[in-house]
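# Notes for the structure review
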Amino acid sequence: MHFSKDHEWVRLDGDVATVGITKFAADALGDVVFVETPDAGKVVTKGDGFAVVESVKAASDVYAPVSGEVIEGNAALAGAPETVNADPEGEGWFAKIKVSDASTEGLMDRAAYDAFLATL
Amino acid sequence: MRYLPLTPDDRTAMLAAIGAKSINDLFVDVPAAARRDGFVDLPRVAGELEVERALGAMAARNASAGTVPFFCGAGAYKHHVPATVDHVIQRSEFLTSYTPYQPEIAQGTLQYLYEFQTQVANLTGMAVANASLYDGSTAMAEGVLMATRVTRRNKAVISGGVHPHYVRATETVVHAVGVETEALPAAVDAEADVIACIGPDTACVVVQTPNVFGTATDVTRIAEAAHAAGALLIVVVTEAVSMGLLKSPGEMGADIVAAEGQSIGNALNYGGPYVGLFACREKLVRQMPGRLCGETVDADGTRGFVLTLSTREQHIRRDKATSNICTNSGLCSLAFTIHMSLLGETGLRKLALLNHEKALATRDALAAIPGVEVLTPRFFNEFAVKLPKPAAEVVEALAGHRILAGVPYSRLAPAAGMDDVLLVATTEVTTDADIKILASALATACA
Amino acid sequence: MSSMNTVGRPTTPNRVESKPATLTGGRGLLQNEHLIFEGDGWGKTGVDLPEPKTDGSDLGDLVRRDPIGLPGLSEPETMRHYVRLSQKNHAIDLAIYPLGSCTMKHNPRLNEKMARLPGFADIHPLQPTSTVQGALELMDTLAHWLKTLTGMPAVALSPKAGAHGELCGLMAIRAAHEASGQHAQRRKVLVPTSAHGTNPATAAFVGYTVVEVAQTDDGRVDVADLASKLGDDVAAIMVTNPNTCGLFERDILEISRLTHEAGAYFYCDGANFNAIVGRVRPGDLGVDAMHINLHKTFSTPHGGGGPGAGPVVLSEALAPFAPAPWVVHDADGYRLIEREEDEAAQAFGRLCAFQGQMGMYTRALSYMMSHGSDGLRQVAEDAVLNANYIKARLSDVMSAAFPEGPCMHEALFDDEWLKGTDITTLDFAKAMIDEGFHPMTMYFPLVVHGAMLIEPTETESKQELDRFIHAMRLLAQAAKAGDVERFKGAPFHAPMKRMDETRAARQPILRWTAPEGSNIAAE
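The rules behind each value
Residues numbered from 1 in each chain as written. Chains lettered and ligands numbered in written order. Predicted model: local features only at pLDDT ≥ 70, side-chain atom pairs only at ≥ 80, totals over all residues. Domains from an automatic or database assignment. Contact = placed C-beta atoms within 7 Å. Helix = DSSP H or I, 4+ residues; strand = E, 2+ residues; numbered from the N terminus. Nonpolar A, V, L, I, M, F, W, Y, C, P; charged D, E, K, R; others polar. Buried ≥ 20, exposed ≤ 12 C-beta atoms within 10 Å, placed from the backbone. Arc of directions from axis to C-beta. Pairing = 2+ DSSP bridges. Axes fitted to C-alpha atoms, helices over the stretch in contact; angles between N-to-C directions. Parallel < 35°, antiparallel > 145°, perpendicular 65-115°, else oblique. Left-handed = near helix turned anticlockwise from the far one by under 90°.

## Observations regarding the domain arrangement of chain B
All names here are of chain B. For chain B, the domain assignment lists domain 1 (65-80 + 345-446) and domain 2 (83-338). The centre of domain 1, based on its C-alpha atoms, is set 27 Å off from the matching centre of domain 2. Listed by partner, the interface residues are 29 residues for domain 1 and 24 residues for domain 2. Mapped onto the side of domain 1 that touches domain 2, the elements with two or more residues apiece are helix H10 (330-367) and strand S11 (382-386). Per-element tally for the side of domain 1 that touches domain 2: the top contributor is H10, with seven residues. A breakdown of the residues in the side of domain 1 that touches domain 2 according to their chemical character gives 19 nonpolar, six polar and four charged.

Structure follows, in structure tokens:
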């Protein structure tokens, strides 16, 4: 699992990346009330916004940690956005992306991310 | 100065508590070049009596609708508002309260907004409505923008029956964001002409019923054509009372309704403040602009209401908001709700029939005048007539005889080549005597 | 002895220690009230109308046949319903709303009387202008007052609210750049990080890219950062002055000079005009466009959220692009310029139908005339004095965000002083409700942590201010003494407890719906 500075995570399985937001981000947002996940087929570029997550008082763009084409957005979040709070790094995933570039350059591993969080 | 409670002694004591020698110390950050001693060149303080005299003199120079035979419509209508409405909206807790951002001490406002949203949704035949926008014209502009967001297409086709001010206000705003509009030429009875203009880049078609010429249209066919092409149908309604008699926009397939609510609870007020009604289909609700009031519970489990889905709005999304709207029409929407509560469905239907009755009688009286041709085939409470002379001249002449005969279409759209068209509106307030006076004066003026 | 009334009764109260809950949930004067849809108003009406002579059959299939779903109530029931609802609202007439940037001043009732004169309330926007010369005179007079107070040569009256005014200003700026052929290259608008959300929202709406400008440690625009970001790709800056931290931008003349030198325009958010009205003219600060919230500085009522009005004063450079319509006064009287031809050839368009918020113009002018130029200057002075008094009397128990120097009409605190108490700005605000005060503005501006922005306005008496300060001091002490429950569960004494806003957003219920199987309503 790898992490970005903007608190997104990515789990690579072959050329399929599952992405979401970290527990730190979910906690900072408060109760998630809505997630705008991308449609299948959408082309995403690393660093660009590809989803939006909303709590009652805040809204945040979610940036793609990898480039590629969206295979599916997590449809379960539409009816149960609270999943993002309950299990942000598991069931609360946002999208599965077929990566065009599987490099994890610029991303941190768990230890590095935890160290990064300590500096905030 | 009656609105300023501080006394000179108060000011002295407060400056001492602050540790400032004079009030000027508190303005120390103002650059010297911008400081002004003395008073701006305007009249000084005036007592209530003086202000009443000055403003009263201005008011006296206006011919108010209630004092003359009155037939003006074209987007603003004179209806009778029950005395209760104005009393209730002047209660301190409604007049002087703020936006309900602290719901625990604003349930009065939140509950009536919830009732308002329900009334508007039911009136328009739609699933949901917001807590009001500024007016019908800005509601139409917001509707077009919403349609472009939902369909991700960039063009709006607007019928030739939509109110020219509404068209212009919409064009001004949507062109600024690169949305294209195709506004069809003015036409008394041609809402369906928009169908031929629908293309793959059409986000929405916009029609009005009753339109600015008063024509009532069944837009079901237009809805079907739009939907078949993946576009939305926006229905504009400028006379809210019409929905008490005519099939609702929702029933006819509208995706978005942008309407003017002024007719219910609100005076003519020379054009404002009015109240924009905005309603849409269930699945479009997250793209809806403006404030929304929703139901919830408090910590004790008691039902209550709060502003919700706020993340669409400017104070959170900032540069990604659905719109930059902050204020709604507050007190005007309360007036609407109270009047609608008094009317109820029974009263509204009756009121609508009375409006229609007066229009039929007026139409008959005017149709009998040689040289006058009634243009509108089916109408609610307003219709267009063609005169043998420029309508603006006739209206001015009749105004000189203290008759407000209606609105010349040329006032709204001088380049439309319809200088001889007059828009005539009636309501439950119109009397048979008024109709007689109008008919007689018009006959003389047109001879 | 004989007496007229032989029945005695006790006239001193019993002391009773318990406080039994009521049997019905009622609480003395405070009534619970259901929705109009939940009563027995189906089929009723509270308006007496004559029988119509038509049944609408001439309209055939256009007639609406299905139930609409609108309950009706008699007048007594309607009165009770809405009066009961009104009891649950806080209001300026009740107590202070110390909301920073909102300017919750007293709403004079003379304004309401004037607005209701039939000569103003009962005239149609499209009547021949010869029949409404007094209305046009009022608009022209208001325009004159606004221009004179701000030192600007022109004003667009039609925007229906502050945000609408921002739209007007930015569109005039864009039109000006288009006219000089520079719009294509000037696509950025600079906005301070402390700006109100409507500023970037409006700029983005009009098609600009928003670039943020940093703030200095003393709460003002970082002029060096601004200068570094100005260039020939910038259309405008949007600055609030006094700013959203309640501070006057000392370098404002430099800011406007740099902006103009770069060929850009200076849009000023006039929400805080109450601090300087009658003392400082935005025109003297180099402003090109500024909206004025009539419902803030000029006392038109907030009405639970609206209606507002946001006329925009304009500089010489932007005046030609003002939207239609506007009033012209010449030898023949008053005329209304409604269309973008001839005299309005460069207008950027029209913002709304008809002429704008006439009902608010009447109220605002009534207020302005009541104060006069001397009164308005006193308004600004008392507003600033009141805010500084609060700042001085609370700075020892709370942490002022910018303690150095005076504030203007509002005092900004952060939540530094709450560190270690486990009590947040939100909790503190909710406890204020229990003491009888509406909370101050919370969490705005975004640049200060846990912001608390307090604007008393000039219509608070010293007695009311002292009452407010006293309560705030007691609350602050309680917070620091660890009285956590008082804050975490607040409010306890308001008509409602804290509301579940998460639920309202996750499962939006935006309207009452008839139960399954009922034939009451259409949807």
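## A look at helix H8 (residues 252-261) of chain C
Residues and elements named next belong to chain C. When H8 is considered as a whole, its buried residues turn out to be Ile 252, Ile 255, Ser 256 and Thr 259. Looking straight down H8, one finds that the buried residues subtend no more than 90° of arc, so they occupy a single side. Contacts from the buried residues of H8 go to helix H7 (223-229), strand S4 (234-240) and strand S5 (265-269). In the stretch just after H8, Gly 263 is the one whose phi turns positive, near 80°.

## So, the sheet that holds strand S7 (residues 276-280) of chain B
Residue and element names in this part refer to chain B. Strand order in this open sheet of seven strands is S1-S7-S6-S5-S4-S2-S3, and the pairing throughout is mixed. Where the open sheet ends on each side, the last strands, each with one partner, are strand S1 (128-129) and strand S3 (180-183). The pairing of strand S5 (residues 232-237) with strand S6 (residues 256-260) spans four bridges and is parallel. Following the sheet pairing, Val 236 is matched in S6 by Ala 258. Of the strands in this sheet, strand S2 (155-158), S3 and S5 touch helix H7 (residues 164-176), which is tilted by about 160° from S3.

## As for helix H6 (residues 198-205) of chain C
Of all eight residues that make up H6(C), eight are buried, and the element is covered over most of its length. Burial in H6(C) covers these residues: C:Thr198, C:Asn199, C:Pro200, C:Ala201, C:Thr202, C:Ala203, C:Ala204 and C:Phe205.

## Overview of the interface of chain C and chain B
Many analyses report the size of an interface as the accessible area lost when the parts associate. Taken together, the contact between chain C and chain B spans 175 residues of the former and 165 residues of the latter. Sorting elements by how many residues they give to the side of chain C that touches chain B places helix H9 (residues 358-394) of chain C first, with 22 residues. Classifying every residue of the side of chain C that touches chain B gives 89 nonpolar, 53 polar and 33 charged.

## Quick notes on the packing of helix H2 (residues 48-60) of chain B against H9(C)
Running from amino to carboxyl end, H2(B) crosses H9(C) at an angle of 140°, the nearest separation of the two axes being 9 Å. As summarised for this structure, H2(B) and H9(C) are arranged oblique, according to the angle between their axes. Crossing hand, H2(B) versus H9(C): right-handed. Residues B:Val51, B:Ala54 and B:Leu55 of H2(B) pack against C:Ser366, C:Met369 and C:Ser370 of H9(C).

## Observations regarding the sheet that holds strand S10 (residues 399-400) of chain C
Strands pair in a sheet through their backbones, by hydrogen bonds, and they do so in one of two ways: parallel or antiparallel. Residues and elements named next belong to chain C. Across the sheet, which stays open at both edges, the four strands sit in the order S10-S11-S13-S12 with antiparallel pairing between neighbours. Looking at the sheet topology across the chains shown, the edges are occupied by S10 and strand S12 (441-442). Where S10 meets strand S11 (residues 411-414), two bridges bridge the pair, whose relative direction is antiparallel. Looking across to S11, one finds that Ser 399 is bridged to Asp 414.

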